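Here is how the chains run, residue by residue.
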Amino acid sequence: KRCECHSVFGKTLGIVGMGKIAYETARRACAFGMNVLYYDAVSNEKAEKAFGAARKSLDEVLAKSDFVTVHLPLTEQTRGLFDYPTICKMKESAYLINTARGPIVDENGLYQAVKQGKIAGAAIDVFDCEPKEASILRELDNVILTPHNSFVGEGNSSRLSELIIKNLKG
């Protein structure tokens, strides 16, 4: 099957949760000429100054973004936040990316939204139960499922060990 590629230049990246990883995502997005909107409980003035990131309501981020990437911790407030009605607030041409925590996105709601053409597709590397061996999302051509193991690679194991030691020392 032919893979459709999309330019990201001039597109809008919506970031939900503007912490350290999201900040780095915004930095990379700007390097590709993307505009950045974000939703967070607190403003990130550093991202606003460095990248022109604009803090908006969740509904506005969803409605205006071509790509929405989730960077939230899993809490009682965020569990199931991206259910079918929330996902349907996105553009029909938009893609949802979840690399945060699986239960933040309701898999059945995402499946329905993608299958019905409410959004263009999704990229998911975290699941409600890991490792994920079976998913209804597998039958959709416009959903990418990957394992949550981006840290695996040359030099990253020692960096991870150093970070763990640093965190333990406080």
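Above this text is the structure in question.
Residues numbered from 1 in each chain as written. Predicted model: local features only at pLDDT ≥ 70, side-chain atom pairs only at ≥ 80, totals over all residues. Heavy atoms only, no water.

**Q** Before we go on, may I ask you to explain empty space enclosed by the protein in this structure?
**A** Over the atoms, a rolled probe matching the size of one water molecule traces out where space is still vacant. Applying the stated rule across the entire model yields one cavity of 30 Å³ or more. Considered as a void within the structure, the largest cavity measures approximately 80 Å³ in volume. In terms of residue class, the lining of the largest cavity is made up of six nonpolar, two polar and two charged. (1 Å grid on protein atoms, 1.4 Å probe; cavity = no way out; pocket = protein on both sides within 12 Å on 5 of 7 lines; lining within 4 Å. Points joined across faces, edges and corners; volume = space filled by probe spheres on them. Nonpolar A, V, L, I, M, F, W, Y, C, P; charged D, E, K, R; others polar.)

**Q** Is there a simple way to explain the packing of aromatic side chains in this structure?
**A** Aromatic ring pairs are defined here through the distance separating the ring centres and the angle between the ring planes. As enumerated under the stated definition, the model contains two aromatic pairs in all. Taken together, a centroid distance of 5.7 Å and an interplanar angle of 15° make the contact between phenylalanine 67 and tyrosine 95 stacked. A residue pair is termed long-range when its members are at least 10 positions apart, and phenylalanine 67 in strand S4 (residues 67-70) and tyrosine 95 in strand S5 (residues 95-98) qualify at 28 residues. (Phe/Tyr/Trp six-rings, centres within 6.5 Å; stacked < 30°, edge-to-face > 60°. Helix = DSSP H or I, 4+ residues; strand = E, 2+ residues; numbered from the N terminus.)

**Q** Can you walk me through the nonpolar core in this structure?
**A** Grouped together as the largest cluster of nonpolar side chains are 27 residues, with contacts concentrated most on Phe82, Ile87, Met90, Leu96 and Leu110. Those elements that provide at least two residues to this core are helix H3 (58-64), S4, helix H5 (107-115) and strand S6 (121-124). Top contributing element to this core by residue count: H5, with four residues. Non-local contacts of leucine 96, meaning those with residues more than four positions away in its chain, are made with Val68, Val70, Phe82, Ile87, Met90, Val105, Leu110, Ile119, Gly121, Ala122 and Ala123. (Core = buried A, V, L, I, M, F, W, Y, C linked by side-chain atoms within 4.5 Å. Buried < 20%, exposed > 50% of the residue type's maximum accessible area, 1.4 Å probe, protein only. Contact = heavy atoms within 4.5 Å.)

**Q** Looking at this structure, I do not really get the pairing of strand S1 (residues 12-16). What am I missing?
**A** Side chains on a regular strand alternate between the two faces of the sheet. Most of S1 is tucked away, with five of its five residues classed as buried. Both S1 and strand S2 (residues 35-39) contribute to a ladder of five bridges, which runs parallel. When the bridges of S2 are listed, leucine 13 appears paired with valine 36. Here S1 runs beside S4; their pairing, made up of four bridges, is parallel. Residue pairing for S4: glycine 14 is matched across the bridge by valine 68. (Pairing = 2+ DSSP bridges.)

**Q** I would appreciate a short explanation of the pairing of S6 in the present structure.
**A** Relative to S6, S5 runs parallel, the two sharing four bridges. Of the residues in S6, the one forming a bridge with tyrosine 95 is glycine 121. In this view, the connection linking S5 to its parallel neighbour S6 by way of H5 has right-handed handedness. Alignment of S6 against strand S7 (residues 143-145), held across three bridges, turns out to be parallel. (Right-handed = clockwise from strand over helix to strand, strands pointing away.)

**Q** What am I meant to see in the environment of isoleucine 104 here?
**A** The topology assignment puts isoleucine 104 in the loop between S5 and H5. A relative accessible area of 0% places isoleucine 104 in the buried class. Among residues more than four places away in sequence, those in contact with isoleucine 104 are Val70, Leu72, Pro73, Leu74, Thr78, Gly80, Leu81 and Phe82.

**Q** Hey, could you run me through the pattern of salt bridges in this one?
**A** Any two side chains of opposite charge can pair, given that their charged atoms come close. Under the criterion given, the structure shown has five salt bridges. A salt bridge links arginine 28 to glutamate 24; its shortest N-O distance comes to 3.0 Å. On the criterion of helical spacing, the pair formed by arginine 28 and glutamate 24 is a turn pair, its members being four residues apart in helix H1 (residues 20-31). By relative accessible area, arginine 28 is classed as partly exposed at 44%. Residue class for glutamate 24 comes out partly exposed when judged on its relative accessible area of 30%. Among the ionic pairs, aspartate 66 bridges to lysine 91, the shortest N-O distance being 2.9 Å. Placement of aspartate 66 in the loop between H3 and S4 and of lysine 91 in the loop between helix H4 (84-87) and S5 is noted, with a sequence separation of 25 residues between them. (Salt bridge = Lys/Arg side-chain N within 4 Å of Asp/Glu carboxyl O.)

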